[in-house]
2 protein chains.
Amino acid sequence: MNQELYYTKEISLENGELMLDETLFHNANGYIGVRGAFEEGYPEGFESIRGQYINGFYDITDMKQAESLYGLVEEKQTMLNVADTQGIWVDVGGTTFSLFDGEVKKAVRYADMKKGITGRIIEWLSPDGHELCLEFKRMTSFIRRPLFLQEISVTSHNYNGHVTIRSGHIGQVQNYCDPSDPRVADKSMQYLNISEIHRQGECSFILAKTSRSGLEVCTGVWHLVPDGYSHRIEEKETEIIHIISGDIKSGQRLTFYKYTWTEDSLRSKNLIQTCRDNLEALADDPVDVLYREQEQYLREFWEKSNLTIKGDDELNRAVHFNQYALLQSAGRDPFGNMAAKGLSGEGYEGHYFWDTEIYAIPSFALIYPEIAKNLLYFRYQTLEKAKENARKLGHRQGALYPWRTINGEECSGYFPSGTAAYHISGDVAYAAVFYYLATDDIDFMCSQGAEIIVETARLWIDTGNYYDGRFQIQDVTGPDEYTCMVNNNYYTNALAKFNLEWACKCREILENQGQWKELCTRIGLKESELDEFERAAECMLLPYSRTLDINPQDDSFLMKKKWDFETTPEENYPLLLHYHPLALYRRQVCKQADTVLSHFMFEEYQKTTTVRNSFLYYEQITTHDSSLSTCIFSIMAARLGMVRKAYQYFGDSAKMDLFNTHGNTKDGIHTANMAGTYMAVIYGFAGLRIRKEGLSLSPCIPGAWEEYSFRFSYGKTRIEITVNRENCRVARIDGPAVQLFLNGKEYVLEDITLSKVRGEGEIWDIKDSISAG
Amino acid sequence: MNQELYYTKEISLENGELMLDETLFHNANGYIGVRGAFEEGYPEGFESIRGQYINGFYDITDMKQAESLYGLVEEKQTMLNVADTQGIWVDVGGTTFSLFDGEVKKAVRYADMKKGITGRIIEWLSPDGHELCLEFKRMTSFIRRPLFLQEISVTSHNYNGHVTIRSGHIGQVQNYCDPSDPRVADKSMQYLNISEIHRQGECSFILAKTSRSGLEVCTGVWHLVPDGYSHRIEEKETEIIHIISGDIKSGQRLTFYKYTWTEDSLRSKNLIQTCRDNLEALADDPVDVLYREQEQYLREFWEKSNLTIKGDDELNRAVHFNQYALLQSAGRDPFGNMAAKGLSGEGYEGHYFWDTEIYAIPSFALIYPEIAKNLLYFRYQTLEKAKENARKLGHRQGALYPWRTINGEECSGYFPSGTAAYHISGDVAYAAVFYYLATDDIDFMCSQGAEIIVETARLWIDTGNYYDGRFQIQDVTGPDEYTCMVNNNYYTNALAKFNLEWACKCREILENQGQWKELCTRIGLKESELDEFERAAECMLLPYSRTLDINPQDDSFLMKKKWDFETTPEENYPLLLHYHPLALYRRQVCKQADTVLSHFMFEEYQKTTTVRNSFLYYEQITTHDSSLSTCIFSIMAARLGMVRKAYQYFGDSAKMDLFNTHGNTKDGIHTANMAGTYMAVIYGFAGLRIRKEGLSLSPCIPGAWEEYSFRFSYGKTRIEITVNRENCRVARIDGPAVQLFLNGKEYVLEDITLSKVRGEGEIWDIKDSISAG
């Protein structure tokens, strides 16, 4: 695996590529994120999204509705670009280094996912004929999360003379905007106002306050310079420039280190003092310590997962790239969740969506349960806001989580495909259940999980109603945003059914712990409510077409005309950027997996033939304009024995950002898809399922692969799966023995080798297998 | 009737009443409108919507969407408040007259609907002890429509001395706003920029240009003053003050006239010159001529309609008040239509809605067909824009009229209850048909009507699709805005059926005139399209519930829970101001008549029992939060033999603005409802119907009335109907004989007296009657 933990490419100076690389080579650690702009910037005329971000750090901005209606959201949170400390300008004999000047003999970038750094290596001939090698390294520490470290090495091949490093600490920054793209902010705002700027010794500090949210951030910058080099500071109104200078000789290599320490008022007090103390403490440790602890952290991470695909290096690398990006994106404290773009860009303004619950948590729960737990804690601590949100929507009970948020309040400006996506509440409940089943974390269930599950269950009771003996949910929007405000969206209803069922199951679980009564008292839960939950779950309408033997996406989906794909020009994709919502809503066309996703999450609700027919039906009308789609189609194709198809979808998912296939990776990575790539291996090819009934596997392998393997934890047991073309080996690494269903047959996992891997066209029915076991 | 053409009330100085009276006593003539603010204004701290408007004169302003989506409207037109020429300040011995100073012995306002003027009469004792009578009269001329005339009479009871009249011509004006009310503009904008301001002789002129629409307006002001009075002009940067002064003796009455002439660049050129020429021409005519021609115009108008209710003075006056307001509101040239608030206020920003087609045209067509024809011409001349709008929505053919507009382009900021209300296109087609049937104006049909009808029919073909053998229309919004983006809205589908049927009927009509081929060539209409129209009309799905024997409002309406009216506090109405749209959409609750309206317009599509059951069903769940509702319920109650109920609804409709029952008449009158009041008599109590099959009547009379009568024109025949408790008299005033169905029996109208009027509970079935006839 390890040789694949390295991604490198030649540097392109084409603007689109530069912006893309800012994303691909960003550094982040779940707390801070720094886009990979060149330290020295680009010449005039080049666009850049030069940003540094803090997870959960936001300002509030107006979001006027074109027509005001009661309860519509009129302000939103937006993730802020904070002080720019990336800037480093290397001056050699009067010429400032730039890849756009002189002669570039070699210029590569890399992301070293083993060491947790990115870098640039450049062989450069200056216009004056000085030959130099410059290396820039960057690291956001996974151990000391406020730390962003830059290393600059200058090696002279033929130059003797003066070197000056100017290093910026810029307080005046703005957020990126593009009025023509609904997926990023439409106007550039300066949100941060500098309240204090000063130097102390060789450190500089900028303290800034947001305009409306009342949050503060402080950045402290300090340098470690070679002996004999001088350091002075130029202080201006909104920025500080550190000027470091000295001499270099031909053949000499000089290395400079720039430390940025970030503190914010969500997490700390006395921000300047805290920054200073931490920078001082850093000065005591050699830089090597920082690099070593980073590598150690990552060694442990890669060992937890140890996902390896043999026989397909490109995909193997892509999978690791995606896993690594995910690790960089997920928050590690109660103030940060995982934004749709992680900390890699400003797309969707740093908002948290259901991506966390349906993609990230089912990934992290298996390899890094602490992260999954932290992501869930974010939802638990915003449960009160979700209840308030439900009241705004007219509900008398229950919790409606916001469709997009940073601080727990709804930021959706267009409610038909935002707030109306009630499934977000079910998604949170689903993730809580999933985490519990994967980890057996009963404390979580008692202290947070059950409460989330009951409060979201209450929402469904207040939202739906009985008609014709069935429990129905009207006017909601499912995952597919090409159809909005529909009745009985299959995904939503199935999820609500699951949510209600689990609200009832929580009773047994908590009663066993003697904690049920306390919960009932705390949230005023009545016995009769559980009966309501049970009845609604039992009577839940799950749309079904007898004619087609499929689950229609909603009550009226099949009545609509199919989208006319034949006459839709290639350049009109993604459709949302070229067609009015009504034109989309009125046709059978899906932006993404919707019913298909539900069949993955709740395959036991339908017969396999129905699941298969549905997959084939939706496949014809799904554009995958959403990045959350192909990974789910890959999983379900594998599930249904269409391994070649699963492999194609997997490739689409794995390469999305590395190959910029959606054309907007410049705005940030697609974290949900990145998790989806991982899921497509684990839940897709390996057919792993974690249910209340236990763990099950049904592995298959794409024709192009020799072997794949991965590790995961289940409860307190760590397991390793290895699948090749002949057999599947399931090994218990450590922890207690567990039961396991393998292709429907029950085993107790001590050490099992299964002799046959499913081939093309072979389907394994989880329902049958469980009853057989 | 005539004694009822006068509305008077004591002046209240309470702010809410002042704003209400500005609306109730506004002057308008279809071209200009002036709100009835006091000439001298109110003291500081009082709010006023002091406005003067021009029909169809607008600026363009941004309407940013909270979240941009393809095709959403991002700018809108807004009716402008133009130069303020209302201001007149009377100074007597150093004290300026104000109702808020001194002692007011008498203060009344009136609207004289016979003379076409409004006025104030005030007996006033100044703080200095001067006793005066002041009279202010205002007229917007129905003959010389750019003219706004003010008359000020000052009578001294005990004062000898100097009188100074300061008369304002103020160029700097803004529009009213209220950020808390979605029904008016949310921010106050100054749209008009003064480009020229100057005096010439005793006239002053202000020429101003809009910020973005490029339109210009000029106001010219001139005064006629008593002999011996001096006139001078003070010119400032944005305003001109005319100062008129002289002496008055005790017992003397002095009269001043202020003429404002308005020209705009939509309709005229050389605006200043045109204003000047017209003011000069006015100087040649005595003022009496202006008053006389106004009275003559109104005499003719009242004679056309001659609607009289005996035995119910209050309602009789209310009906006339409403008819008069309607006459003031409707445009008379191709540039102006009829705004939802007429020219009486800024509610809905001066936009034209379907109010014109479904309420105003079915009223004007009977008494003032020229106005109806002009309102339709507006739609004809914006047909190209409606076609462009359809293309924006992704339609390959057809015309989609804008939900709200001034210049023919969509101004709806929230498309789910705006642009999605596709019925607007059918409404326009319906009005064209209605006008044609009422007037037999074959020229209109050949030159405009048929083209509108065919282009709107084409829209339905492109919008709907066949499913299960029925033609269905998905994702549209019907009249009821408490349920949006539904499938097979009954109203819309019935209307589309009618529209498609008439597209086919147009063929026969135009072929008879030898004009069909020309139309086909002009708009590229193919033979096969007519087959499609016919088939879609025949197969149109009209939702029907066998269980309830009603027409559900849409496919899923009956599946929803009914709104919980019992626990809804009184202060939470109108619901739209207190509940999130989703809370409304998800329940059975109607803002207004929807299916019930359709049953009025197309009662032949259903059996009478279904119509009756539907009425009773929807009555239980309709809040009438829309002003367009009670009049329709009145019509249908009368139709269904529920005369007492019809009378109650009629009262609600008739008194809406006079008694400010919706609480927002300050923002302008509710023109659709005003037309609806008239319709409730003609189509409701008298049961008049105009169909292709002919004219029919089925009169009833409320218990509180002795008699009611009205006149209308049908083709070239003018008819008078008189209904009392014993019989109904139908008289042909002039024109050729016509066929007529009376309570289902066919007559040729020479002079008919019907011996029996329907009583409570008696229903007449139009289908039966027509087939019987």
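Before reading further, recall that the structure is shown in the block above.
On a predicted model such as this, the values are computed, not experimentally measured, just so you know.

Caption draft 1: Representation of the overall build of chain A within the structure. Of the regular secondary structure elements, chain A holds 19 helices and 31 strands. Taking 28 Å as the expected radius of gyration for a compact globule of 773 residues, we find that chain A reaches 27 Å, a close match to that expectation. Overall, chain A is about 85 × 60 × 60 Å in size when its C-alpha atoms are taken along their principal axes. Scored against the burial criterion, the 773 residues of chain A give a buried share of 68%. A sequence separation of at least 24 residues applies to 68% of the contacts in chain A between residues at least 6 apart. For chain A, the centre of its 80 positive side-chain charges and the centre of its 110 negative side-chain charges are spaced 3 Å apart.

Caption draft 2: Molecular detail of the relation of the copies chain A and chain B. Once turned by 180° and shifted 0.0 Å along the axis, chain A lies on chain B with an RMSD of 0.1 Å. One copy is carried onto the other by what is essentially a two-fold rotation axis. Closest to the rotation axis within chain A is the C-alpha of A:Gln65, separated from it by 2.9 Å. Comparing interface residues between copies, 100% of those in chain A also sit at the interface in chain B, which points to an isologous, same-surface contact.

Caption draft 3: Quick peek at the interface of chain A and chain B. Counting residues at the interface gives 56 residues for chain A and 56 residues for chain B. Carbon and sulfur atoms supply 56% of the area that chain A and chain B bury against each other, a total of about 4800 Å² over both sides. Put simply, chain A and chain B have six salt bridges between them. With its nearest N and O atoms 3.0 Å apart, the salt bridge here joins A:Asp475 to B:Lys560.

Caption draft 4: Broad picture of the sheet that holds strand β4 (residues 52-62) of chain B. Residue and element names in this part refer to chain B. The four strands lie next to each other as β2-β3-β4-β5, forming an open sheet whose pairing is antiparallel. Edge strands, defined here as strands with exactly one partner in the open sheet, are β2 (27-28) and β5 (75-81). Alignment of β4 against β5, held across six bridges, turns out to be antiparallel. In the sheet register, Tyr53 faces β5, and the bridge partner there is Asn81.

Caption draft 5: Focus on the environment of B:Lys392. Relative to the helices and strands, B:Lys392 is located in helix α7 (residues 383-392). Taking C-alpha positions, B:Lys392 is 9.1 Å from B:Tyr70, a pair spaced 322 residues apart along the chain. Residue contacts for B:Lys392: discarding those within four places in its chain leaves A:His580 and B:Tyr70.

Caption draft 6: Expanded view of the pattern of salt bridges. Residue and element names in this part refer to chain A. Inspection of every chain in the model, using the stated rule, returns 91 salt bridges over all chains. Where Arg120 meets Glu39, a salt bridge forms, and the shortest distance between an N and an O atom there is 2.7 Å. Of this pair, Arg120 sits in strand β9 (residues 117-125) while Glu39 sits in the loop between β3 (32-34) and β4 (52-62), and the two are 81 residues apart along the sequence. Residue Arg120 is classed as buried on the basis of its relative accessible area, which comes to 3%.

Caption draft 7: Region of the structure containing the pairing of strand β28 (residues 728-734) of chain A. Residue and element names in this part refer to chain A. Sheet topology places strand β27 (residues 717-724) next to β28; six bridges connect them, and they run antiparallel. Opposite Ile721, over in β28, you have Val730 as the bridge partner. With antiparallel pairing between neighbouring strands as the criterion, β27 and β28 make up a hairpin whose turn holds three residues.

Caption draft 8: Up close: the environment of A:Cys590. Residue and element names in this part refer to chain A. Relative to the helices and strands, Cys590 resides in the loop between β23 (587-588) and α14 (595-601). Along the backbone, Cys590 and His624 are 34 residues apart, and their C-alpha atoms lie at a distance of 7.5 Å. If sequence neighbours within four positions are ignored, Cys590 has contacts with Asp480, Tyr482, Gln553, Phe557, Tyr618, Ile621, Thr622, Thr623 and His624.

Caption draft 9: A look at unusual backbone geometry. The step from A:Tyr573 to A:Pro574 runs through a cis peptide bond, and the omega angle for that step is -5°. Positioned with a positive phi, A:Asn488 is a non-glycine residue whose angle comes to about 55°. Relative to the elements of secondary structure, A:Asn488 occurs in the loop between β21 (470-472) and α10 (490-512). Taking the relative accessible area as the measure of exposure, A:Asn488 reaches 0% and is therefore buried. At B:Asp468, a position not held by glycine, the phi torsion is positive, near 60°. Inspection of the secondary structure assignment puts B:Asp468 in the loop between β20 (465-467) and β21 (470-472). On the basis of relative accessibility, which here comes to 70%, the residue B:Asp468 falls in the exposed class.

Thresholds, definitions, all that
Residues numbered from 1 in each chain as written. Chains lettered and ligands numbered in written order. Predicted model: local features only at pLDDT ≥ 70, side-chain atom pairs only at ≥ 80, totals over all residues. Heavy atoms only, no water. Helix = DSSP H or I, 4+ residues; strand = E, 2+ residues; numbered from the N terminus. Rg over C-alpha atoms; globule rule 2.2 N^0.38 Å. Buried < 20%, exposed > 50% of the residue type's maximum accessible area, 1.4 Å probe, protein only. Contact = heavy atoms within 4.5 Å. Lys, Arg positive; Asp, Glu negative; His and termini not counted. Charge placed at Lys NZ, Arg CZ, Asp CG, Glu CD. Least-squares fit on C-alpha atoms with pLDDT ≥ 70 in both. Buried area = accessible area lost by both parts, 1.4 Å probe. Salt bridge = Lys/Arg side-chain N within 4 Å of Asp/Glu carboxyl O. Pairing = 2+ DSSP bridges.

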